[in-house]
Amino acid sequence: MRTNQDLQGAFALLEEQADAYGAPEITTHPAKPVRVRRERGHLRRNVLAVAVTAAVVGGGIYAATSMRSSGDEARPAGPPPVLGPTPSPVKLQFTFTVGPVAGVTVDYHGVYRKEQSADIMWDGDGGVYAGLDVYTPGGFDPKQAMTHGTKVTVGTHVGYWDPTHHDAGETVDGKDLFRPTLTWQYGRNSWATVQFEPTNVASPNLLDKAITLAETIRTGGASTLRLPFKIGYLPPDLVPELAYVSQSHPGSGRIGLSDGVRPDDSTLGGLSIEAMENITGSETTCSKRVSVQGTTACFRNLHKYADEPGSKVVGRELSFETPARMVTITIDRSHLAMYSDDDMVKVARSLIFAPSLADYNTWYDARTVLPH
Amino acid sequence: MRFETYVEQRRQSLFRFAVVLCGEPVLAEDIVTDVLGRAYEQWDRVGAADNVHAYVRRMIVNEYIGWWRRLKRTTPVAEPELAAAPDHADHHAERAAVVAELAKLPRKQRAVLVLRFYEGMSDDEVAQVLGCRPSTVRSNASRALANLRIGMTEMTTTPVEA
């Protein structure tokens, strides 16, 4: 068993690493604080992340403490859209239920085209966490589970237990991360998984926990997914592609919509809308400002590498905030030629917000949030 | 206090705090720079706070947790790369091992540990920063300590002046 000294020693080691790296150089130039850009590899933060972006100032290269793109960057034209059939809408409700299981907390999370998900926590057991994914028929390839897992029984269904499941590229300090995973077939060509966090690799009785949980899962019913806003206007032909929420602090909800144009980034659809509790304060640097919902909203281009404005533009974003919430409307690169800035403003102005982002019960049934 | 004066006095300690919080200097650099940028833009309000440094550190914690929560379902995010630590002594190797295990903790658990045992905050103060109940702080701390295999009975709060 370790002691307080071990924890303090770890903190001290991190302090040493901080000192060795050196604090960022901050100066105010010309109208906002900037830091001298250091040479380093790509920091692959997602294009949606709050990020530090570079701008050439006065012949020197600096990183502006703002979001994503330099302040005067123009809206790119985007590629000509390649039209195809409008996809079928994803139903904005959960079609599975879990439990109840004593000592287990279920946080229903999201619905996607191929799966629905929930976050699972076992109480009083040293912190055991897992993600539950219930896939639609044909939405999951069980080959890896069958190859690497041990055959088990989940109720009357066949399953596979892989305590050393590893997803390519998941490493810490050069070492592979393992996510113990139970995969089982709950119906014809239909699979579900319970995947534990890497911190739980050595936790006892994981398989028993997973099977007990899995045996309580019922599919085919319906339960409500809630979103913290309603949408009064959308460009035509957009249908739901996904929606997900975080019910715990900070509360947030996002809906992604697709049309007949294949999005570059299928994780969000062609146009997405997110509202999130405002816990990080104001960010006002932007390439263009408009008035939305009584406040100033900002347009920004999104870059493939958020800290490299010269990298490929992968989308465009309109964001605004109030003391209570931050709202973001995003289109991906393949829709730059489809939806204008005016379209995005029209969507933003049409939003109606739930009374409290901190209270999931005040949010709207996701099936009622679309204008059509 | 002028923004420039605050940055001059606190830049290093803010960066240290951010590295301890997120475990990775490059990410910490981005977080500190982002937060200071926003603090500068709102300096009339931030600089007038009763405890400016506590306010800015709270912004850093919220940035760290909020950023990660926003991303975790949309894109696989590379775990922080830890700087190589010499392992010529058992003591150093053990510290590096704890650092590696800190990196695997859920962000909220890690933030609780850092605020509680690095910053020396009370449960109530941590709850205020994270926007949750004190009982949630205690349960997160308990889980984090169990994950790190640290005995609660031997824990004492050691405030660190940042």
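What you see is a predicted model, and the numbers here were worked out from it, not measured in a lab.

Give me the overall build of chain B: which residues, what numbers.
Within chain B, the secondary structure is distributed over eight helices and zero strands. Split into buried and exposed, the 162 residues of chain B put 57% on the buried side. Within the structure as shown, chain B displays about 6700 Å² of accessible surface, and the carbon and sulfur contribution to it stands at 49%.

Kindly report on the overall build of chain A, identifying the contributing residues and their values.
Across its full length, chain A holds four helices and 26 strands. For chain A, with 372 residues in total, the buried portion stands at 56%. Put simply, of all contacts in chain A between residues at least 6 apart along the chain, 57% involve residues at least 24 apart. For chain A, the computed accessible surface area is about 15700 Å², with 52% contributed by carbon and sulfur atoms.

Just give me the short version of the pairing of strand 13 (residues 181-187) of chain A, but keep the residues and values in it.
Residues and elements named next belong to chain A. Of the strand pairs in this sheet, strand 10 (residues 157-162) and strand 13 are connected by four bridges, and their pairing is antiparallel. Bridged to Asp162 within strand 13 is Thr181. Pairing of strand 13 with strand 14 (residues 190-196) involves six bridges; the strand directions are antiparallel. The partner of Thr183 across the bridge, within strand 14, is Thr193. Between strand 13 and strand 14, which pair antiparallel in sequence order, lie two residues; one of them, Asn189, sits at a positive phi of approximately 55°.

Now, about the nonpolar core: what can you tell me, with residues and values included?
The biggest cluster of nonpolar side chains holds 67 residues, and the ones touching the most others in it are A:Leu132, A:Ile255 and A:Ile273. In this structure A:Leu132 touches A:Phe96, A:Val98, A:Gln116, A:Ser117, A:Ala118, A:Ile120, A:Trp184, A:Thr193, A:Val194 and A:Ile217, once residues within four positions along its chain are discounted. A:Leu7, B:Cys22, B:Val52 and B:Leu113 belong to the second largest nonpolar core, which has 58 residues in total.

Which residues make up unusual backbone geometry, and what values go with them?
Between A:Gly99 and A:Pro100 the backbone carries a cis peptide bond, its omega angle lying at 10°. Along the chain, A:Pro100 falls in the loop between strand 5 (93-97) and strand 6 (104-111).

So what about the environment of A:His372? Which residues, and what values?
Residue and element names in this part refer to chain A. Mapped onto the secondary structure, His372 falls in the segment after strand 26 (364-365). Once the C-alpha coordinates of His372 and Tyr233 are considered, the two residues, 139 residues apart in sequence, prove to be 8.6 Å apart. Ignoring sequence-local partners within four residues, the contact set of His372 consists of Leu234, Pro235 and Leu238.

Summarise the environment of A:Leu132; cite the residues concerned and give the values.
Residue and element names in this part refer to chain A. With respect to the helices and strands, Leu132 occurs in strand 8 (residues 128-135). By relative accessible area, Leu132 is classed as buried at 0%. Separated by 15 residues in the primary sequence, Leu132 and Ser117 place their C-alpha atoms 5.4 Å from one another.

I'd like to hear about the pattern of salt bridges, residue by residue, with values.
Pairs can form between side chains of opposite charge once their charged atoms are near each other. Summed over all chains, the structure comprises 16 salt bridges over all chains. Here A:Glu15 ties to B:Arg16 by a salt bridge, and the two come within 3.7 Å at their closest N and O atoms. A residue pair is termed interchain when its members come from two chains, as with A:Glu15 in helix 1 (residues 4-21) and B:Arg16 in helix 1 (residues 3-22). The partner of B:Glu4 in a salt bridge is B:Arg2, and the shortest N-O contact between them spans 3.4 Å.

So, helix 2 (residues 25-41) of chain B: which residues are in play, and what are the values?
Between its terminal C-alpha atoms helix 2 of chain B stretches 24 Å, which fits the 24 Å expected from 17 residues at 1.5 Å a residue. Burial analysis of helix 2 of chain B places 15 of its 17 residues in the buried class, the great majority of the element.

If you had to explain helix 7 (residues 123-130) of chain B to someone new, which residues and values would you point to?
Residues and elements named next belong to chain B. Taken as a whole, helix 7 has its buried residues at Asp123, Val126, Ala127, Val129 and Leu130. Looking straight down helix 7, one finds its buried side chains confined to an arc of 160°; they lie on one side. Opposite the buried face of helix 7, by more than 90 degrees, sit the exposed residues Asp124 and Gln128.

Now, about the packing of helix 1 of chain B against helix 6 (residues 107-118) of chain B: what can you tell me, with residues and values included?
All names here are of chain B. For the pair helix 1 and helix 6, interaxial distance at closest approach is 9 Å and the crossing angle is 135°. Classified by the angle their axes make, helix 1 and helix 6 are oblique. Listed contacts from helix 6 to Arg16, Phe17, Val19, Val20, Leu21 and Cys22 of helix 1 are Arg110, Ala111, Val114, Leu115 and Tyr118. In the contact of helix 1 with helix 6, the residues fall into nine nonpolar, no polar and two charged.

So, the packing of helix 7 of chain B against helix 8 (residues 134-147) of chain B: which residues are in play, and what are the values?
Residue and element names in this part refer to chain B. Two elements in contact, helix 7 and helix 8, have axes separated by 8 Å at closest approach and are oriented at 100°. With respect to each other, helix 7 and helix 8 are oriented roughly perpendicular. Taking contact as the criterion, the partners of Asp123, Asp124, Val126 and Ala127 in helix 7 are, on helix 8, Pro134, Val137 and Arg138. Its residues placed into classes, the contact of helix 7 with helix 8 shows four nonpolar, no polar and three charged.

I'd love a proper account of the packing of aromatic side chains, names of residues and values included.
Aromatic ring pairs are reported here in terms of the distance separating the ring centres and the angle at which the planes meet. Taken as a whole and assessed by the stated rule, the structure comprises 15 aromatic pairs over all chains. For the pair A:Phe320 and A:Phe353, a centre-to-centre distance of 6.4 Å together with 70° between the ring planes defines the contact as edge-to-face. Taken together, the residues A:Phe320 in strand 23 (residues 313-321) and A:Phe353 in strand 25 (residues 351-353) connect sequence positions 33 residues apart. One exposure class covers both A:Phe320 and A:Phe353, and it is buried. Between B:Tyr6 and B:Trp43, the ring centres sit 5.6 Å apart and the planes meet at 40°, which makes this aromatic pair tilted.

Which residues make up the environment of A:Cys286, and what values do they have?
Relative to the assigned elements, A:Cys286 resides in the loop between strand 20 (271-277) and strand 21 (288-292). Placed 13 residues apart in sequence, A:Cys286 and A:Phe299 show a C-alpha to C-alpha distance of 5.7 Å.

I'd like to hear about the confidence of the model for chain B, residue by residue, with values.
Residue and element names in this part refer to chain B. Of all residues in chain B, 77% attain a pLDDT of 70 or more, and the chain-wide mean is 74. Scored below 50 in pLDDT, residues 152-162 makes 30 contacts in the model with residues more than four places away or belonging to other chains. Across the interfaces of the predicted complex, the ipTM metric reaches 0.80, alongside a pTM of 0.58.

Hey, could you go over the confidence of the model for chain A for me, with residue numbers and the actual values?
All names here are of chain A. Model confidence for chain A is summarised by a mean pLDDT of 79, while 79% of its residues fall at 70 or above. When pLDDT is averaged over each helix and strand of chain A, the minimum, 22, is found for strand 3 (residues 53-57) and the maximum, 97, for strand 17 (residues 229-231). Considering only residues more than four positions removed or in separate chains, one finds that residues 29-71, a stretch of pLDDT under 50, has 143 contacts.

Cut-offs applied
- Residues numbered from 1 in each chain as written.
- Chains lettered and ligands numbered in written order.
- Predicted model: local features only at pLDDT ≥ 70, side-chain atom pairs only at ≥ 80, totals over all residues.
- Heavy atoms only, no water.
- Helix = DSSP H or I, 4+ residues; strand = E, 2+ residues; numbered from the N terminus.
- Buried < 20%, exposed > 50% of the residue type's maximum accessible area, 1.4 Å probe, protein only.
- Areas by Shrake-Rupley, 256 points an atom, 1.4 Å probe, with all protein chains shown as cover.
- Contact = heavy atoms within 4.5 Å.
- Pairing = 2+ DSSP bridges.
- Core = buried A, V, L, I, M, F, W, Y, C linked by side-chain atoms within 4.5 Å.
- Salt bridge = Lys/Arg side-chain N within 4 Å of Asp/Glu carboxyl O.
- Expected span 1.5 Å × (residues − 1).
- Arc of directions from axis to C-beta.
- Axes fitted to C-alpha atoms, helices over the stretch in contact; angles between N-to-C directions.
- Parallel < 35°, antiparallel > 145°, perpendicular 65-115°, else oblique.
- Nonpolar A, V, L, I, M, F, W, Y, C, P; charged D, E, K, R; others polar.
- Phe/Tyr/Trp six-rings, centres within 6.5 Å; stacked < 30°, edge-to-face > 60°.
- pLDDT = per-residue confidence, 0-100.

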